[in-house]
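Here is how the chains run, residue by residue.
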Amino acid sequence: MVHTAEIHRATAGHGDMHDLTPELERLLAAGPVRNGTAHLFVVGSTAALGTIEFEPGLQADLPQLLDRLIPPSRDYGHERAWHDGNGHSHLQATLLGPSLTVPVRERRPALGTWQQVVLLECDVRPRRRTVQVTVMGE
Amino acid sequence: MVHTAEIHRATAGHGDMHDLTPELERLLAAGPVRNGTAHLFVVGSTAALGTIEFEPGLQADLPQLLDRLIPPSRDYGHERAWHDGNGHSHLQATLLGPSLTVPVRERRPALGTWQQVVLLECDVRPRRRTVQVTVMGE
Amino acid sequence: MVHTAEIHRATAGHGDMHDLTPELERLLAAGPVRNGTAHLFVVGSTAALGTIEFEPGLQADLPQLLDRLIPPSRDYGHERAWHDGNGHSHLQATLLGPSLTVPVRERRPALGTWQQVVLLECDVRPRRRTVQVTVMGE
């Protein structure tokens, strides 16, 4: 059985983190798949998906960590060609990754209590984001 | 066809790495799916899954690398709220990721000879870990 | 429905990046699955998969970033055992990851316009790489 859906979010720009768990839970509770997997994929090259405890400390820590490891700079090859100031956004998004798969058990995501599914905006300006969701199983 | 299972491990604390490949191989050999994918997901926000050559050198190198990039510190926002000394554990686990999908061919994981599926404990104390396994295919 | 395939590439050594999107598009267009997911997995412990805007700037930026975060060195535990000069290759490949899942919609990968699926060689010498592709859905 295949169940497809889309999650849409307007982000506030670099470092803005959105908890997608409640929407994923609603979607799975109402869907046809009892046991299997839910795949989420953010379309575009400057945003990422991941799991994290969604609390204010880590909401700030993760973007700060990525900026320390992959700082904004005009020295990236991407900058020299495009001059759009988001070379670090591309690299941060590639490192964290656009794709996440979560187990589905009894129409719920099998996450830890302090483990949420989040969308992280890595681009330097507000963006409208689409997350493609594919639930498969029986 | 959907085949679900759980792998359980007791870890020794930060940097403890477990090779899950033998248990995954047994599970696939005995299961109903001949060709498809095996999805593994570690429940909780301070452990991660990945692939690596499982040998003593890299077993030490990977946790040391993560501690160099994301060092233990009391300065994380997460620390200021919770004081449990594992802010770096959360960030390391998020960066490496909780989710891994492996191809299944003829009831075996299609891995390289020196490529194993591992669980990495990122938390600062021993934990009991559950890995949800979902095998799908035909 | 399960559709399996292999993509083969000869790489030029460390930092060589290959755009797999055209081959993935052809494979999906000719395959039986209209909606679902395409899972790609590079066999071996010193190469990785990811998504990135495939342009010359970022093609250089990503390997340079990985070399800055995880530099070549003889000090890795892996080196002391094997002396093959690719300890950093293993760690870079583990961090970026060997596995990527992409949504399939109407027999096409649901990627952004500037978001390509790439294979990154992390090893220090040219290698022949096999990417296992598993397309599932209906």
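What counts as what
- Residues numbered from 1 in each chain as written.
- Chains lettered and ligands numbered in written order.
- Predicted model: local features only at pLDDT ≥ 70, side-chain atom pairs only at ≥ 80, totals over all residues.
- Helix = DSSP H or I, 4+ residues; strand = E, 2+ residues; numbered from the N terminus.
- Rg over C-alpha atoms; globule rule 2.2 N^0.38 Å.
- Buried ≥ 20, exposed ≤ 12 C-beta atoms within 10 Å, placed from the backbone.
- Least-squares fit on C-alpha atoms with pLDDT ≥ 70 in both.
- Contact = placed C-beta atoms within 7 Å.
- Nonpolar A, V, L, I, M, F, W, Y, C, P; charged D, E, K, R; others polar.
- Axes fitted to C-alpha atoms, helices over the stretch in contact; angles between N-to-C directions.
- Parallel < 35°, antiparallel > 145°, perpendicular 65-115°, else oblique.
- Left-handed = near helix turned anticlockwise from the far one by under 90°.
- Expected span 1.5 Å × (residues − 1).
- pLDDT = per-residue confidence, 0-100.

Asks: Please explain the overall build of chain A as it appears in this structure.
Replies: Along its length, chain A carries four helices and eight strands. In sequence order, chain A lays out its α and β elements as β-β-α-β-β-α-α-α-β-β-β-β. Radius of gyration (C-alpha) of chain A: 16 Å, near the 14 Å computed for a compact globule of 138 residues. Taking the principal axes of the C-alpha coordinates as reference, chain A spans close to 50 × 30 × 20 Å. In chain A, which comprises 138 residues, the proportion classed as buried is 53%.

Asks: Hey, could you run me through the relation of the copies chain A and chain C in this one?
Replies: Relating one copy of the chain to the other requires a rotation about an axis plus a shift along that axis. Expressed as a screw transformation, the operator carrying chain A onto chain C has a rotation angle of 120° and an axial translation of 0.0 Å, and the superposed copies differ by an RMSD of 0.0 Å. Taken together, the turn and the small shift mark the pair as related by a three-fold rotation axis. Of all interface residues in chain A, a mere 15% are interface residues in chain C too; the two copies therefore contact each other through different surfaces.

Asks: How do you make sense of the relation of the copies chain C and chain B when you look at a structure like this?
Replies: Taken as rigid bodies, chain C and chain B are interconverted by a rotation of 120° and an axial shift of 0.0 Å, the fit giving an RMSD of 0.0 Å. The fraction of interface residues of chain C whose copies in chain B are also interface residues is only 15%, indicating that the copies meet through different surfaces.

Asks: Help me understand the interface of chain A and chain C, please; the structure alone is not making it clear to me.
Replies: By a frequent convention, interface size equals the accessible area lost on bringing the separate parts together. Taken together, the contacts link 26 residues of chain A with 30 residues of chain C. If one sorts the elements of the side of chain A that touches chain C by residue count, helix α4 (residues 87-96) of chain A sits on top with five residues. Considering only residue class, the side of chain A that touches chain C consists of eleven nonpolar, 14 polar and one charged.

Asks: What exactly am I supposed to notice about the interface of chain C and chain B here?
Replies: Each side of the interface is counted separately: chain C has 26 residues, and chain B has 30 residues. Among the secondary structure elements, those contributing two or more residues to the side of chain C that touches chain B are β1 (2-10), β3 (36-42), α3 (77-82), α4 (87-96), β5 (99-105) and β8 (128-137) of chain C. No other element matches the five residues that α4 of chain C contributes to the side of chain C that touches chain B. Its residues assigned to classes, the side of chain C that touches chain B shows eleven nonpolar, 14 polar and one charged.

Asks: Looking at this model, I keep getting lost on unusual backbone geometry. Mind explaining?
Replies: Negative phi values dominate among residues other than glycine, just as trans dominates among peptide bonds. Residues and elements named next belong to chain A. Non-glycine residue R107 carries a positive phi angle of around 60°. Tracing the backbone shows R107 in the loop between β5 (99-105) and β6 (108-109). Under the C-beta neighbour-count criterion, R107 is labelled partly exposed, with 17 such atoms within 10 Å.

Asks: Help me out: how do you make sense of the packing of α4 of chain A against helix α2 (residues 56-69) of chain C in this one?
Replies: The packing of two helices is summarised by the inter-axis angle and the distance between the axes. The geometry of α4 of chain A relative to α2 of chain C is characterised by a closest axis approach of 11 Å and an angle of 60° between their N-to-C directions. Taken together, the axes of α4 of chain A and α2 of chain C lie oblique to each other. For the pair α4 of chain A and α2 of chain C, the crossing hand works out as right-handed. Side by side, α4 of chain A and α2 of chain C meet where G87, H90, L91 and T94 of chain A of the first sit next to L58, D61, L62 and L65 of chain C of the second. Classifying every residue of the contact of α4 of chain A with α2 of chain C gives four nonpolar, three polar and one charged.

Asks: Just to check I follow, could you spell out helix α2 (residues 56-69) of chain A for this structure?
Replies: Along an α-helix, residues three or four positions apart point the same way, because every turn accommodates 3.6 residues. Taking 1.5 Å of rise per residue, 14 residues should cover 20 Å, and α2 of chain A covers 21 Å from first to last C-alpha, within 8% of that figure. When we look at burial in α2 of chain A, the residues that qualify are L58, Q59, D61, L62, L65 and L66 of chain A. Those residues of α2 of chain A hidden inside the fold are in contact with β2 (17-19), β4 (47-52), α4 and β7 (116-121) of chain A together with α3 (77-82) and α4 (87-96) of chain B.

Asks: What should I look at first to understand the environment of E138 of chain A in this one?
Replies: All names here are of chain A. Within the secondary structure, E138 is located in the segment after β8 (128-137). In this structure E138 comes out as exposed when scored by C-beta crowding, with 12 C-beta atoms within 10 Å. Taking the C-alpha atoms as reference points, E138 and P32, 106 residues apart in sequence, are found 7.8 Å from one another.

Asks: I tried to follow α4 of chain B on my own but got confused; where do I start?
Replies: Most of α4 of chain B sits out of view: nine of its ten residues are buried. Taken together, the buried positions of α4 of chain B are occupied by G87, H88, S89, H90, L91, Q92, A93, T94 and L95 of chain B. Those residues of α4 of chain B that are buried are in contact with β4, α2 and α4 of chain A together with β4 (47-52), α2 (56-69) and α3 of chain B. Phi turns positive, to about 95°, at G97 of chain B, one or two residues after α4 of chain B.

Asks: How do you make sense of the confidence of the model for chain A when you look at a structure like this?
Replies: Atom-level detail of predicted coordinates should not be read off regions where pLDDT is low. Residues and elements named next belong to chain A. When the pLDDT values of chain A are averaged, the result is 97; 100% of them are 70 or greater. Per-element confidence in chain A ranges from a low mean pLDDT of 88 for helix α3 (residues 77-82) to a high of 99 for strand β3 (residues 36-42). Scored as a whole, the predicted complex attains pTM 0.98, and scored at its interfaces, ipTM 0.97.

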